[in-house]
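Architecture at a glance
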Number of protein chains: 2
Amino acid sequence: MATMTAAQQKAQAKAEYNAFVAACPSRKLLDRISDKWVTLILAALGSDGPHQLGADCAGEPRSMRFSELSRLLAGVSQKMLTQTLRSLERDGLITRTVTPTVPVTVSYELTDLGLSLHQMMRGLKTWAETHMDDVLANRATYDTRTA
Amino acid sequence: MATMTAAQQKAQAKAEYNAFVAACPSRKLLDRISDKWVTLILAALGSDGPHQLGADCAGEPRSMRFSELSRLLAGVSQKMLTQTLRSLERDGLITRTVTPTVPVTVSYELTDLGLSLHQMMRGLKTWAETHMDDVLANRATYDTRTA
DNA sequence: CAGTATCCAGCTAGATACTG
DNA sequence: CAGTATCTAGCTGGATACTG
């Protein structure tokens, strides 16, 4: 009605805000790239190896098979690898190519969109390499000062 | 010893890889910014309002009080706001200033490091605004094709 | 080879109540 | 005003086992 309790108003504001945040493109992007395996797959297919120490060559996008990825990203479970690859394909960031050999061969490759995202990630990587040491140092200082 | 079972080798590789990923600066940065409220607080203190539609003025970093933030980020719980602010302070991304009035006044402001991070986030935001529509379209296509 | 299916443990966000 | 403390429900990632 005309009058709502303060609690009701607050609840409504919260619901609206959450809806707004959920709709925000930046938020959606963050949700996508914050996934542990997304970034690693991107890096693997982006041809500089999976964060291979200092290897920063920007060559051709690589095509990799499921098992190759599985071996390269040693920490990933089959479930998560499949799930992540599927979601990346769904978003048009990678292509999935099935070759009907016996047994089947499946290979993955970055699309232009995926490559573009990978490029953006490099900017993020640069910031990380430039400033994360400071952050870590601040963190250590804070902890000793608090302890 | 000299011989390990295949399972043992795999487990070790996994452990090493996970350790490697955990140590990666990019990963740490991602962990930080992927937090829902971190980005919103950064945006709020970064003076363009919390993703206020199209308001992209890059003015002076703003100083805001706890209650202001709480009101602005309508969806956040007290617990998460406190927790997030604390962690940002710990990382040297924001400063926390207590003024001993009665009752106390606490204000938060971006540091240079925080401002730099906020600047980087804008690059991310730009990518999101440019390409997320494509991603969403791909997603929709994939879903209808699958359904 | 490249998955799918199922089940469970751990973490975390949120609600709630209290305080200097 | 600006927190702290506690408890719980829900989601998610991993282990495991099975298949075209």
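Everything in this summary refers to the structure shown in the same document. A quick note: this is a predicted structure, and the numbers were derived from the prediction, not measured.

Reading guide: rules and limits
- The numbering scheme is per chain: residues are counted from 1 as the chain's sequence reads.
- Chains carry letters from A onward and ligands carry numbers from 1 onward, assigned in written order.
- Residues qualify for local features only when their pLDDT is at least 70, as the model is predicted, and side-chain atom pairs are given and counted only at 80 or more; totals for whole chains, interfaces and linings, by contrast, use all residues.
- Excluded from the side-chain calculation are hydrogens and water; included are all heavy atoms of the structure.
- Each residue is tested against the molecule or strand, and it is near if at least one of its non-hydrogen atoms lies within 4 Å.
- Two N or O atoms count as a polar contact when they lie within 3.5 Å, although within protein this holds only if one can serve as hydrogen donor and the other as acceptor, and sequence-adjacent residues are included solely when both atoms are side-chain atoms.
- Helix and strand labels come from DSSP, where a helix needs a run of H or I of at least four residues and a strand needs a run of E of at least two; each type is numbered from the N terminus.
- Least squares is the method for superposing the copies, and the C-alpha atoms it fits come from residues with pLDDT of at least 70 in both.
- Should any heavy atoms of two residues lie within 4.5 Å, those residues are counted as being in contact.
- A quick way to say it: buried area is the sum, across both parts, of accessible area lost when two parts are put together, with a 1.4 Å probe.
- One speaks of a salt bridge when a side-chain nitrogen belonging to Lys or Arg is within 4 Å of a carboxyl oxygen belonging to Asp or Glu.
- Under the scheme applied, nonpolar residues are Ala, Val, Leu, Ile, Met, Phe, Trp, Tyr, Cys and Pro; charged residues are Asp, Glu, Lys and Arg; polar residues are all the others, including Gly.

Points about the protein's contact with DNA strand D
Around DNA strand D there are 18 residues in total, and A:Lys79, B:Ser67, B:Thr82, B:Arg96 and B:Tyr108 lie nearest to it. Within 4 Å of the protein, the contacting atoms of DNA strand D are drawn from sugar and phosphate to the extent of 67%. The separation between a base oxygen of DNA strand D and a polar side-chain atom of A:Lys79 is 2.3 Å. One of the side-chain nitrogen or oxygen atoms of B:Lys14 is found 3.4 Å away from a phosphate oxygen of DNA strand D. Going through the elements one at a time, helix H5 (78–90) of chain A together with helix H4 (66–72), helix H5 (78–90) and strand E3 (105–110) of chain B are the ones with two or more residues in the surface near DNA strand D. In terms of residues, the surface near DNA strand D owes the most to one element, H5(B), which gives four residues.

Some details on the relation of the copies chain A and chain B
For the pair chain A and chain B, the best superposition has an RMSD of 0.0 Å and corresponds to a rotation of 180 degrees with a translation of 0.0 Å parallel to the axis. Viewed as a symmetry operation, the transformation between the two copies matches a two-fold axis. Scanning chain A for the C-alpha nearest the rotation axis identifies A:Ser34, at a separation of 2.7 Å. Here 100% of the contact residues of chain A are again contact residues in chain B; the copies associate through an equivalent surface.

Section: the interface of chain A and chain B
Taken together, the contacts link 51 residues of chain A with 51 residues of chain B. Taken together, both faces of the contact between chain A and chain B bury some 4700 Å²; the carbon and sulfur share is 67%. In terms of surface lost to chain B, no three residues of chain A exceed A:Tyr17, A:Arg90 and A:Trp127, which account for 16% of the buried area on that side. Connecting chain A to chain B are four salt bridges. With a shortest N-O distance of 2.7 Å, A:Asp91 and B:Arg139 are connected by a salt bridge. Run the count over chain A and chain B and you get 16 residue pairs in polar contact (both at pLDDT 80 or more). Only helix H1 (6–23), helix H2 (25–33), helix H3 (36–45), H5 and helix H6 (112–146) of chain A provide two or more residues apiece to the side of chain A that touches chain B. At 19 residues, the largest contribution of residues to the side of chain A that touches chain B is made by H6(A). Here the side of chain A that touches chain B is composed, by residue class, of 26 nonpolar, eleven polar and 14 charged.

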